[in-house]
Amino acid sequence: MGLVEHNRFRNIHGCPPLTLDQSLTRECEAYAKVIAEKELLEGSSGEGIEYGENLCWRSKNTSLCVRDWYAECEKFDYDDPRFSKYTRHFTALIWKGAKEMGVGHAKDRHGRYWLVVRYIPPVNIEGQFEENVPRRIKRMVRAKVAVLSSNKEEKTTLIGFISIRFFYIPPYAYILQIKIDIVLQLKSFRSQIQNNI
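What you see is a predicted model; the values in this text were computed from it and never measured. (Residues numbered from 1 in each chain as written. Predicted model: local features only at pLDDT ≥ 70, side-chain atom pairs only at ≥ 80, totals over all residues. Heavy atoms only, no water.)

Colleague: When you look at the state of the cysteines in this model, what are you seeing that I'm missing?
Modeller: In protein chemistry, a disulfide is the covalent bond that joins the sulfur atoms of two cysteines. Per the stated rule, a full pass over the model turns up one disulfide. The disulfide partner of Cys-56 is Cys-65, and the gap between their sulfur atoms is 2.1 Å. Across the disulfide from Cys-56 to Cys-65, rotation about the S-S bond amounts to roughly -75°, and the bridge is consequently left-handed. Since its relative accessible area comes to 0%, Cys-65 is described here as buried. (Disulfide = S-S within 2.5 Å. Buried < 20%, exposed > 50% of the residue type's maximum accessible area, 1.4 Å probe, protein only.)

Colleague: Would you take a moment to explain unusual backbone geometry for this structure?
Modeller: With the exception of glycine, most residues fall at negative phi, and the peptide bonds are largely trans. A cis amide bond, omega -5°, links Ile-120 with the succeeding residue Pro-121. Positioned with a positive phi, Glu-39 is a non-glycine residue whose angle comes to about 60°. Counting through the fold element by element, Glu-39 comes out in the loop between α2 (22–38) and β2 (52–58). On the basis of relative accessible area, Glu-39 is assigned to the partly exposed category, the value being 24%. Of note, Asn-124 is a non-glycine position whose phi angle comes to about 55°, a positive value. The topology assignment puts Asn-124 in the loop between β4 (113–120) and α5 (129–132). By relative accessible area, which is 18% here, Asn-124 ends up buried. (Helix = DSSP H or I, 4+ residues; strand = E, 2+ residues; numbered from the N terminus.)

Colleague: Can you help me understand the environment of Leu-40 in this one?
Modeller: Position of Leu-40 relative to the elements: it lies in the loop between α2 and β2. A relative accessible area of 44% means that Leu-40 is categorised as partly exposed. Each C-alpha atom, one on Leu-40 and one on Cys-56, is 9.7 Å from the other, the two residues being 16 residues apart in sequence. Sequence-distant contacts of Leu-40, that is, excluding residues within four places in its chain, are made with Ile-35 and Trp-114. (Contact = heavy atoms within 4.5 Å.)

Colleague: How do you make sense of α2 when you look at a structure like this?
Modeller: Two residues of an α-helix separated by three or four positions point the same way, owing to the 3.6 residues in each turn. The end-to-end C-alpha distance of α2, which contains 17 residues, comes to 25 Å, matching closely the 24 Å that a straight helix rising 1.5 Å per residue would cover. Taken residue by residue, α2 has Leu-24, Thr-25, Cys-28, Tyr-31, Ala-32, Ile-35 and Ala-36 as its buried positions. All buried residues of α2 fall inside an arc of 145° around its axis, so they share one side. Residues of α2 that are exposed and point over 90 degrees away from its buried face: Arg-26, Lys-33 and Glu-37. The N-terminus of α2 is capped by Asp-21, whose side-chain oxygen sits 3.2 Å from the backbone nitrogen of Ser-23. Looking at the residues trailing α2, positive phi occurs at Glu-39, about 60°. (Expected span 1.5 Å × (residues − 1). Arc of directions from axis to C-beta. Polar contact = N/O pair within 3.5 Å; in protein donor to acceptor, adjacent residues only side chain to side chain.)

Colleague: Teacher, can you tell me more about the packing of helix α1 (residues 3–12) against helix α3 (residues 64–71) here?
Modeller: For the pair α1 and α3, interaxial distance at closest approach is 9 Å and the crossing angle is 25°. As far as their axial angle goes, α3 and α1 are roughly parallel. When you trace α1 past α3, the crossing you get is right-handed. Each of Glu-5, His-6, Phe-9 and Ile-12 in α1 lies in contact with α3, whose residues at this interface are Val-66, Arg-67, Trp-69 and Tyr-70. Among the residues forming the contact of α1 with α3, the class breakdown is five nonpolar, one polar and two charged. (Axes fitted to C-alpha atoms, helices over the stretch in contact; angles between N-to-C directions. Parallel < 35°, antiparallel > 145°, perpendicular 65-115°, else oblique. Left-handed = near helix turned anticlockwise from the far one by under 90°. Nonpolar A, V, L, I, M, F, W, Y, C, P; charged D, E, K, R; others polar.)

Colleague: Before we go on, may I ask you to explain the side chain of Thr-91 in this structure?
Modeller: Inspection of the secondary structure assignment puts Thr-91 in helix α4 (residues 88–94). Exposure remark for Thr-91: the relative accessible area of 0% places this residue in the buried category. Apart from the residues within four sequence positions on either side, Thr-91 is in contact with Phe-76, Asn-124, Phe-129 and Val-133.

This is the structure:
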């Protein structure tokens, strides 16, 4: 959980994918239990020194945490890249220099879930934001698609990443390459569609 979402968002910015570190994951799981018991989003002692860290809690599903962290990108100033408490989760998530991550979660006595994600090497290093927080190279698009089955309409979300490149081939030709990567997230899908559609 979390690794796929991280790498999907990192890909939009041309950042290399992270790999999951099992030792770091065990540490994240242990610390998730600590903050769940305290019911407090409190950074650990090694944050910023040994690793970078993102924390989150949700009443039901922690999978939305990564999306919320990425949503901070709308507040990030690429013309003046620096640390900000309003974008620190986003910059940690896509930090280009990060290589590995660990992830752990725990449930508190109220049934809420607490998520801990750590990155190595450390992220959000002052003076290194310009080279580690690149602009988007792909544009994410969403569209709702309706698939009609025998008895009902089944809806799905289509997510696409569009990347555009211009190539100059001497002496006169420009080539435009448009690449579209599409992922279908289906609630349900039926392979047989009736002939009357």
